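An overview of the molecular structure
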Amino acid sequence: MRHGKKFNHLGRTASHRSALLSNMACSLIEHKRINTTVAKAKALRVYVEPLLTKAKEDTTHNRRVVFSYLQNKYAVAELFRTVAPKIAERNGGYTRIIKTGFRPGDAADTALIELVDFNELYNPNAEEKKATRRSRRSTSAKKAEAVVAEAPKAEEKVEEPKAEAADSAEEKTEE
């Protein structure tokens, strides 16, 4: 009987389930979003969110604890280098599950699970990019700026020949 056992066994043995969740967590950390079934996405959320919370504090102990779950040093490095600084201010809720319909082969519910802070479309706190659109200015304003910009250059050019002319005049008088 399975009384009081609340997590989804996903139809697998314990070792197969832990390997599945570990691999899915590594893929999620590496790619920032993955497509899977709704049941696996919900199980993965329960598995990966405590690891993301541990990654917010970069200590040797936390790295070792996370590595014991993921068994992939590249995923651990990515988690502590790029993911953890982005989720530092967030108090939980690091992942989002979006249902995407049914799989054609067996009509299983599919979902997209992603890291919330790495989605540019849904993230309202992301820094907005500067607009590259340029406004049209009147031609008189452009001409005025061009005159102001060229004026100092003309003065500099004028001063240099005067100095050379004075030097050449002094040389002639010395001869």
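Being a predicted model, the structure only gives us computed values, none of them experimental.

1. Here's the deal with the packing of aromatic side chains
Summed over all chains, the structure comprises one aromatic pair. Between Y47 and Y69 the ring centres are 5.9 Å apart and the planes differ by 75°, which places this aromatic pair in the edge-to-face class. Residue Y47 is found in helix α2 (residues 38-55), and its partner Y69 is found in helix α3 (residues 60-70); the two are separated by 22 residues along the sequence. For Y69, a relative accessible area of 41% puts it in the partly exposed group. Directly above the ring of F118 sits K32, whose terminal nitrogen or CZ lies 5.1 Å from the centroid. The ring of F118 carries the charged tip of K86 above its face, separated from the ring centre by 4.5 Å.

2. Comments concerning the environment of I97
Position of I97 relative to the elements: it lies in strand β2 (residues 95-102). Apart from the residues lying within four places of it in its own chain, the contact partners of I97 are A41, K42, R45, A111, L112 and I113.

3. Considering the pairing of β2
Bridge count for β2 against strand β3 (residues 109-115) is seven bridges, and the pairing is antiparallel. In the sheet register, I98 faces β3, and the bridge partner there is L112. In this antiparallel pair of consecutive strands, β2 and β3, the connection spans six residues, and A107 shows a positive phi of 60°.

4. Overview of the side chain of S22
Here S22 lies in helix α1 (residues 14-31). Assessed through its relative accessible area of 7%, S22 is described here as buried. In this structure, S22 is in contact with Y47, Y69 and L70, ignoring residues within four places of it in sequence.

5. Overview of the pattern of salt bridges
Under the criterion given, the structure shown has six salt bridges. Between D106 and R103 there is a salt bridge; the shortest N-O distance is 2.9 Å. On the basis of relative accessible area, D106 is assigned to the partly exposed category, the value being 48%. Each of R33, R96 and E114 takes part in one network of salt bridges that share partners.

6. Brief notes about the packing of α3 against helix α4 (residues 73-86)
Contact geometry for α3 and α4: axes closest at 9 Å, N-to-C directions at 135°. It follows from the interaxial angle that α3 and α4 lie oblique. Of the two possible hands of crossing, α3 and α4 adopt the one that is right-handed. Of α4, the residues touching α3 (which contributes N62, R63, V66, F67 and L70) are K73, A75, V76, A77, L79 and F80. Taken together, the residues of the contact of α3 with α4 sort by class into eight nonpolar, one polar and two charged.

7. Examining unusual backbone geometry
Not every positive phi belongs to a glycine, and K32 is a case in point at roughly 70°. Note that K32 resides in the loop between α1 and β1 (33-37). Despite not being glycine, A107 has its phi angle at roughly 60°, a positive value. With respect to the element layout, A107 can be found in the loop between β2 and β3. Exposure remark for A107: the relative accessible area of 52% places this residue in the exposed category.

8. Remarks on the sheet that holds β2
Hydrogen bonds between backbone groups are what pair the strands of a sheet, and the pairing can be parallel or antiparallel. Read across the open sheet, the three strands follow the order β1-β3-β2; overall the sheet is antiparallel. Looking at the sheet topology across the chains shown, the edges are occupied by β1 and β2. The mean angle between the axes of side-by-side strands here comes to 25°, regardless of whether they run parallel or antiparallel. Strands β1, β2 and β3 of the sheet are contacted by α1, whose axis makes an angle of about 145° with β1.

Rules and cut-offs
Residues numbered from 1 in each chain as written. Predicted model: local features only at pLDDT ≥ 70, side-chain atom pairs only at ≥ 80, totals over all residues. Heavy atoms only, no water. Phe/Tyr/Trp six-rings, centres within 6.5 Å; stacked < 30°, edge-to-face > 60°. Helix = DSSP H or I, 4+ residues; strand = E, 2+ residues; numbered from the N terminus. Buried < 20%, exposed > 50% of the residue type's maximum accessible area, 1.4 Å probe, protein only. Lys NZ or Arg CZ within 6 Å of the ring centre and 35° of its normal. Contact = heavy atoms within 4.5 Å. Pairing = 2+ DSSP bridges. Salt bridge = Lys/Arg side-chain N within 4 Å of Asp/Glu carboxyl O. Axes fitted to C-alpha atoms, helices over the stretch in contact; angles between N-to-C directions. Parallel < 35°, antiparallel > 145°, perpendicular 65-115°, else oblique. Left-handed = near helix turned anticlockwise from the far one by under 90°. Nonpolar A, V, L, I, M, F, W, Y, C, P; charged D, E, K, R; others polar.

Fair warning: the whole summary comes from geometry, so function is off the table for now.
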